[in-house]
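Descriptive analysis of the structure
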Amino acid sequence: MFRPRKIVDLSMPIRRGMPVYPGDPQPDLQPAATLDKDGFNVSHLHLGTHTGTHVDAPYHFSEGGARIDSLPLEWFVGTGLIIPVPGKGPRECICLEEVAPWVERAKPGQLVLFATGWWRKAGEADYVRHPYVEVRVIEALLDRGVRVFGIDAMNIDPTGETDYPVHRAITAAGGIIIENLCNLNAVDFADPVIVVFPLRIEGADGSPVRAVAMDLGDGGSAVREG
């Protein structure tokens, strides 16, 4: 029987008033049918493809890039390498020199996630002034065969700037970005299996996900890397 020892929810709750990237649609949830009126409950959900914890498809930054529904599902599950970078200040860079030992541990097929702890500021003004990853870090990880990258902040690049060097580097390699992760600090077990399956939205540039980290124990070896 498949039964993880532990599951950690890495997903931001989707609700009205939650933080979204400046200019993105505000999520809204309204009753479309009710038990009293219709005999059943149905909700109308309005949100953008990059609402809450979500993945970016290459099409997000490249007209010829793959759409979310055409990417292999195998890319959205794998062993995670969580890089702890606590104590970062607003708009502070996660630079190659400080994470080089972690980069050297990275393997093809891993999902590399940067744990800043910034998710705790969701709802505060500073949430948009989050730390970001230096493009040299991404280039080094791409050289090691990594194609999926995540961060527990609104953006892996600085929010509010017009250039997106990390997005463009990952897009050019056909890779995937995960943003607005939460609770990475609660992943207290080795070799977590990370799952970030997107909705099958035809032709889309991204999708909200229910991101989780699982402790499979010895069963983790069954997850193929590469």
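Residues numbered from 1 in each chain as written. Predicted model: local features only at pLDDT ≥ 70, side-chain atom pairs only at ≥ 80, totals over all residues. Heavy atoms only, no water.

Per an unreviewed UniProt entry, the protein chain carries the name Arylformamidase and comes from Kyrpidia spormannii.

Focus: the environment of isoleucine 82
Here is the rule: Numbering of helices and strands runs from the N terminus; a helix is a DSSP stretch of H or I covering at least four residues, while a strand is a stretch of E covering at least two. What makes two residues a contact is simply this: any of their non-hydrogen atoms within 4.5 Å.
Structurally, the position occupied by isoleucine 82 is in strand β5 (residues 77–84). Considered as a pair, isoleucine 82 and leucine 184 are 102 residues apart in the sequence and their alpha carbons are 7.6 Å apart. Not counting the four nearest positions on each side in its chain, isoleucine 82 is found in contact with Trp102, Leu113, Ala115, Leu184, Val187 and Pro192.

Some words on a nonpolar patch on the surface
Note the cut-off: What goes into a patch is any residue over 30% in relative accessible area without a salt bridge, connected to like charges within 9 Å or, for nonpolar side chains (Val, Leu, Ile, Met, Phe, Trp, Tyr), within 5 Å. Computed by Shrake-Rupley with a 1.4 Å probe, the accessible areas treat only the displayed protein chains as cover when residues are assessed. The rule for a salt bridge is simple: a side-chain nitrogen of Lys or Arg has to be within 4 Å of a carboxyl oxygen of Asp or Glu.
Taken together, the side chains of Ile14, Leu29 and Leu45 define a hydrophobic patch exposed on the protein surface, amounting to about 280 Å² of accessible area. Relative to the helices and strands, leucine 29 is located in strand β2 (residues 28–33).

Considerations on the side chain of asparagine 180
To be explicit about the condition: Each residue is assigned to one of three classes by its accessible area relative to the maximum for its type, calculated with a 1.4 Å probe on protein chains only: buried under 20%, partly exposed between the two thresholds, exposed over 50%. Pairs of N or O atoms are called polar contacts if they sit within 3.5 Å, as long as, within protein, a hydrogen donor faces a hydrogen acceptor (for residues adjacent in sequence, only side-chain-to-side-chain pairs).
Its location among the elements puts asparagine 180 in the loop between β10 (176–179) and β11 (193–195). A relative accessible area of 4% means that asparagine 180 is categorised as buried. At 2.6 Å, the side chain of asparagine 180 and the side chain of tyrosine 127 are in polar contact. Ignoring sequence-local partners within four residues, the contact set of asparagine 180 consists of Leu10, Met12, Gly52, Thr53, His54, Tyr127, Ile151, Ala153 and Met154.

Observations regarding unusual backbone geometry
Backbone geometry places arginine 91, a non-glycine residue, at a positive phi of 55 degrees. Relative to the elements of secondary structure, arginine 91 occurs in the loop between β5 and β6 (93–94). According to the relative accessible area criterion, arginine 91 is partly exposed, its value standing at 30%. Phi angles above zero are rare outside glycine, and asparagine 180 is one such case at about 60 degrees.

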